[in-house]
Amino acid sequence: MGKVIIALNEEEQLMLQRICPDKDAEEALEFVLQKIAPKIPKKLPCLAGVLWRRP
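The text that follows walks through the structure, step by step, so that each part is easy to find. Just so it is clear, the structure is predicted and the values come from calculations on it, not from any experiment.

1. A word on the overall build of the chain
Tallying secondary structure elements over the chain gives three helices and zero strands in all. Helices and strands in the chain line up, N terminus first, as α-α-α. When burial is assessed residue by residue, the chain has 11% of its 55 residues classed as buried. For the chain, the exposed surface amounts to about 5200 Å²; the carbon and sulfur share of it is 61%.

Here it is, written out as structure tokens:
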């Protein structure tokens, strides 16, 4: 997998800054799943890519 660059808005940056010093694994995982994961582009399955290109 290649590199992924995401942008965090001001609120998300503040949330992350609050999580880091606490080293709260549960809170960190929740942040990743709710705020970061949805921003990562999803690859289309092979068949979906073929069907999408059809006229």
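2. Some remarks on helix 1 (residues 10–22)
With 13 residues, helix 1 extends 19 Å from end C-alpha to end C-alpha; this agrees with the ideal 18 Å at 1.5 Å per step. Among the residues of helix 1, the N-terminal cap falls to Asn 9, whose side-chain oxygen and the backbone nitrogen of Glu 11 are separated by 3.1 Å. Just beyond helix 1, the residue with positive phi is Lys 23, at close to 50°.

Rules behind the numbers
Going along each chain's sequence as written, the residues are numbered from 1 onward. Reporting of local features is limited, given that this is a predicted model, to residues whose pLDDT is at least 70; pairs of side-chain atoms are given and counted only at 80 or more, and all residues count toward the totals for whole chains, interfaces and linings. As a rule here, side-chain values come from all non-hydrogen atoms in the structure, and water together with hydrogens is ignored. Secondary structure elements are taken from DSSP: a helix is a run of H or I of four residues or more, a strand is a run of E of two residues or more, and numbering for both begins at the N terminus. Using a 1.4 Å probe on the protein chains alone, a residue whose accessible area is under 20% of its type maximum counts as buried, one over 50% counts as exposed, and one in between counts as partly exposed. Computed by Shrake-Rupley with a 1.4 Å probe, the accessible areas treat only the displayed protein chains as cover when residues are assessed. One fewer than the residue count of a helix, multiplied by 1.5 Å, yields its expected span. Identification of polar contacts relies on pairs of N or O atoms within 3.5 Å, with a donor-acceptor requirement for protein atoms, meaning one able to donate a hydrogen and the other able to accept it, and with residues adjacent in sequence counted only if both atoms are side-chain atoms.

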